[in-house]
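Residues per chain, in single letters:
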Amino acid sequence: MEETQLKRTPLFEIHTALGARMVEFGGWEMPVLYSGISQEHLAVRQAAGLFDISHMGEFLFDGPDSLKFLNQLLTNNLAKLESGQGQYTLLCQDNGGVIDDLYAYRLGDTRYLLVVNASRLEIDWMWIKAQRNSRHKSLQLEMTNLSGNLAAMALQGPNAAGIIAGVFPAAAELLKNQITKLEFGSATVWVSRTGYTGEDGFELVVPNGHAPALWEQLMSLGQALDLLPAGLGARDTLRTEAGYSLYGHELTSDTTPIEAALGWAVALDKPSFNGQEMLAAQKQDGVSRRCIAFKMTGKSAPPRQPYKIFSADGNGREIGEVTSGTQSPSLGCGIGLGYVESDHAKSGTGIEIEIRNRRFPAQVVKRPVFQKSS
Amino acid sequence: MADIPTDLKYATSHEWVSVEGDTATIGISDHAQEELTELVFIELPDLGCELTAGDPCAVVESVKTASDIYAPLSGKIIDTNDALDTEPGTVNDDPYGDGWFFKIRLANPQELDDLLSPDDYAEQVNI
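Quick caveat: nothing in here was measured; it's all calculated off a predicted structure.

Participant: Hey, could you go over the overall build of chain A for me, with residue numbers and the actual values?
Facilitator: Summing up its helical and strand segments, chain A has eight helices and 19 strands in all. Computed over its C-alpha atoms, the radius of gyration of chain A comes to 21 Å, within 12% of the 21 Å expected for a compact globule of 374 residues. Based on the C-alpha atoms only, the size of chain A along its principal axes is roughly 65 × 55 × 45 Å. When the 374 residues of chain A are sorted by exposure, 47% land in the buried category. When contacts within chain A are restricted to residue pairs at least 6 apart in sequence, long-range pairs at least 24 apart make up 67% of them.

Participant: Describe the sheet that holds strand β19 (residues 358-365) of chain A, and please don't skip the residues or the numbers.
Facilitator: All names here are of chain A. Here six strands make up a closed barrel; going around it, the order is β14-β17-β16-β15-β18-β19 and the pairing antiparallel. On average, each strand axis in the sheet is inclined to that of its neighbour by 40 degrees, with strand direction left out of account. With three bridges connecting them, strand β15 (residues 308-311) and strand β18 (residues 350-355) associate as antiparallel partners. Its bridge partner being in β18, I309 is matched across the sheet by I353.

Participant: Account for helix α4 (residues 121-134) of chain A, naming residues and giving values.
Facilitator: With 14 residues, α4(A) should cover 20 Å at 1.5 Å per step; its first-to-last C-alpha distance of 20 Å lies within 8% of that length. In the core, the buried residues of α4(A) are packed alongside β4 (57-62), α3 (66-73), β5 (85-92), β6 (98-106), β7 (111-116) and β8 (142-145) of chain A.

Participant: Could you give an account of the packing of helix α2 (residues 37-46) of chain A against helix α7 (residues 232-242) of chain A, naming the residues involved and the relevant values?
Facilitator: All names here are of chain A. The interhelical angle for the contact between α2 and α7, taken along N-to-C directions, is 55 degrees, at an axis separation of 8 Å. The angle between the axes of α2 and α7 places the two elements in the oblique class. You can see that α2 and α7 cross each other, and the crossing is right-handed. Counting all contacts with α2, which are made through I37, E40, H41 and V44, the residues of α7 involved are G233, A234, T237 and L238. A class-by-class count of the residues in the contact of α2 with α7 yields four nonpolar, three polar and one charged.

Participant: Describe the nonpolar core, listing the residues and the values that go with them.
Facilitator: Residues and elements named next belong to chain A. Ranked by internal contacts, the top residues of the largest apolar core, which has 130 residues, are A152, M153, L155, L204 and V206. By residue number, the principal contributor to this core is strand β9 (residues 150-156), which donates six residues. Excluding residues that lie within four positions of it along the chain, M153 makes contacts with L50, F51, D52, I53, L204 and W215.

Participant: Could you give an account of the pairing of strand β17 (residues 334-341) of chain A, naming the residues involved and the relevant values?
Facilitator: Residue and element names in this part refer to chain A. Of all eight residues in β17, seven are buried; the element is thus mostly enclosed. Across seven bridges, strand β14 (residues 289-296) lies against β17 in antiparallel orientation. Across the sheet, the residue bridging to I292 is G338, located in β17. Sheet topology note: the strand β16 (residues 318-327)/β17 ladder contains seven bridges and is antiparallel. Within β17, the residue paired with V322 across the bridge is G338. Here β16 folds back onto β17 in antiparallel fashion, the turn holding six residues, of which G332 has a positive phi close to 70 degrees.

Participant: Account for unusual backbone geometry, with residues named and values stated.
Facilitator: Along the chain, A:Q305 connects to A:P306 via a cis peptide bond; the corresponding omega equals 0 degrees. Here A:P306 lies in the loop between β14 and β15. With omega at -10 degrees, the peptide bond leading from A:R367 into A:P368 counts as cis. Structurally, A:P368 is set in the segment after β19. Phi angles above zero are rare outside glycine, and B:H14 is one such case at about 80 degrees. You can see B:H14 is positioned in the loop between β1 (9-10) and β2 (15-20). One non-glycine residue with positive phi stands out, namely B:T37, at about 65 degrees. Position of B:T37 relative to the elements: it lies in the loop between α1 (30-36) and β4 (39-43).

Participant: Which residues make up the interface of chain A and chain B, and what values go with them?
Facilitator: The interface is formed by 13 residues belonging to chain A together with ten residues belonging to chain B. Each residue belonging to the side of chain A that touches chain B can be placed in one class, and the counts come to five nonpolar, six polar and two charged.

Participant: With reference to specific residues and values, describe the sheet that holds strand β12 (residues 201-207) of chain A.
Facilitator: All names here are of chain A. Spatial ordering of the open sheet is given by β10-β11-β12-β9-β3-β13, a layout of six strands whose pairing is mixed. Bordering the open sheet on either side are β10 (179-184) and β13 (227-229), each of which pairs with just one other strand. Strand-to-strand twist across the sheet, computed as the mean angle between neighbouring axes with direction ignored, equals 25 degrees. Note that β10 and strand β11 (residues 187-192) share six bridges and pair antiparallel. Counted as the bridge partner of E183 is T188 from β11. Along the sheet, α2 makes contact with β3 (48-52), β9 and β13, crossing β3 at roughly 120 degrees. Sheet strands touched by helix α6 (residues 211-222): β3, β9, β10, β12 and β13. Its angle to β3, the strand with the most contacts, is close to 170 degrees.

Participant: Before we move on, can you summarise the pairing of strand β2 (residues 28-33) of chain A with the specific residues and values?
Facilitator: Residues and elements named next belong to chain A. Direction of pairing for strand β1 (residues 21-25) relative to β2: antiparallel, over a ladder of five bridges. Pairing of F25 across the sheet is with W28, part of β2. The turn joining β1 and β2, which pair antiparallel and follow one another in sequence, is formed by two residues; a positive phi near 55 degrees is taken by G26.

Basis of the calculations
- Residues numbered from 1 in each chain as written.
- Chains lettered and ligands numbered in written order.
- Predicted model: local features only at pLDDT ≥ 70, side-chain atom pairs only at ≥ 80, totals over all residues.
- Helix = DSSP H or I, 4+ residues; strand = E, 2+ residues; numbered from the N terminus.
- Rg over C-alpha atoms; globule rule 2.2 N^0.38 Å.
- Buried ≥ 20, exposed ≤ 12 C-beta atoms within 10 Å, placed from the backbone.
- Contact = placed C-beta atoms within 7 Å.
- Pairing = 2+ DSSP bridges.
- Axes fitted to C-alpha atoms, helices over the stretch in contact; angles between N-to-C directions.
- Expected span 1.5 Å × (residues − 1).
- Parallel < 35°, antiparallel > 145°, perpendicular 65-115°, else oblique.
- Left-handed = near helix turned anticlockwise from the far one by under 90°.
- Nonpolar A, V, L, I, M, F, W, Y, C, P; charged D, E, K, R; others polar.
- Core = buried A, V, L, I, M, F, W, Y, C linked by C-beta atoms within 7 Å.

Keep in mind these numbers describe shape, not what the thing actually does.
Shown next as structure tokens:
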């Protein structure tokens, strides 16, 4: 992709001033690292990190039928949310293939916010519009794509609450998955207690023009609490340690949430929704392959997408493929996520990863791959 | 600014070469280690392995990616820096010293003429 076509977030100048290394991601020019991936990763595990996630998309739905509409598109049960609560959920095709994974928040009685992946934003929006105009024409709701107007950042790590209290005392009182509207100068900011790192933390959605001031204020409040700016590199190693899926890796239009081990975010008991029939059948009959997390058990190079996975039960058969892999900065060994035949998906199962024509031992482990108490 | 010692020769693929008699010591440049970022794993060629100039012969891995290292010269591997096995970060800290990769017994010393001078290499990396 030509650099001139890449979009820049309102924090671009701040990143360059901080000496960030910029890379293309989902059509955006984003910071991959500032001081170093491992250092930023460990800051998030031990203190705090601040991420620019302005590339993510925000869709707003309002109207008496917004719940009814969204609950037919999304796999989790949106009806369970009270005002000020959010949930992880997926957008699926009728055949159960994943279009995107996202967070859905209930902002008010009939108001909902969806936060979607940058790389899927346009596809999601087209899909949702097409659904609205075909199957759900008579429903009463308005939908707005706010992505172009809004920036976002994630403040993550054990010190995140202590830092955010300095600018938004009420945010520090939020419980996990809660969201609230707060004032920042003349701007309205949505703050939720959510994240993609496996740590406590917050995500803040802010109008573009106010993003630099909010970033600077958080950085300055964080100075005494060892806050570091953190890039997409650390975001990826943190989510891999946490065992979280990433669209384009664990999730594609050819995988279903059941195969991806995300059945907990599929409410099969709610009224009809896109993909329900296929997902119910998979849940009942089982699936032939399943997404696993694994850890290398001996010395080896880090596993990478799309290295092959082999069985370690004596016959050495190819049973799957790595979808994400890295050297874990917390554990100091290779870790990854991948798909294997379901018989090999149980935690504790020995497997082998083929790295440059040699096979190295690994073990299927429970998510998260890394936990501080472990 | 990346450090480019003037007593070494360089390959366009960012390896450095230091020659003593018929033996060449090879590593990667300061510029290369900076671009690769913090290294977490290094795979070196086997002792006795015969290489042709341009062969991929080692792999360096950062947290994010794996990259090939190429043989700048033809010859037989006579020594490898096994300390990198446990301390790959040495390449980041001291790319021209303790961070060396391997030694080759030169098969064709004339190939040295194909390598870049420090000035030419500086020109290449500063573009």
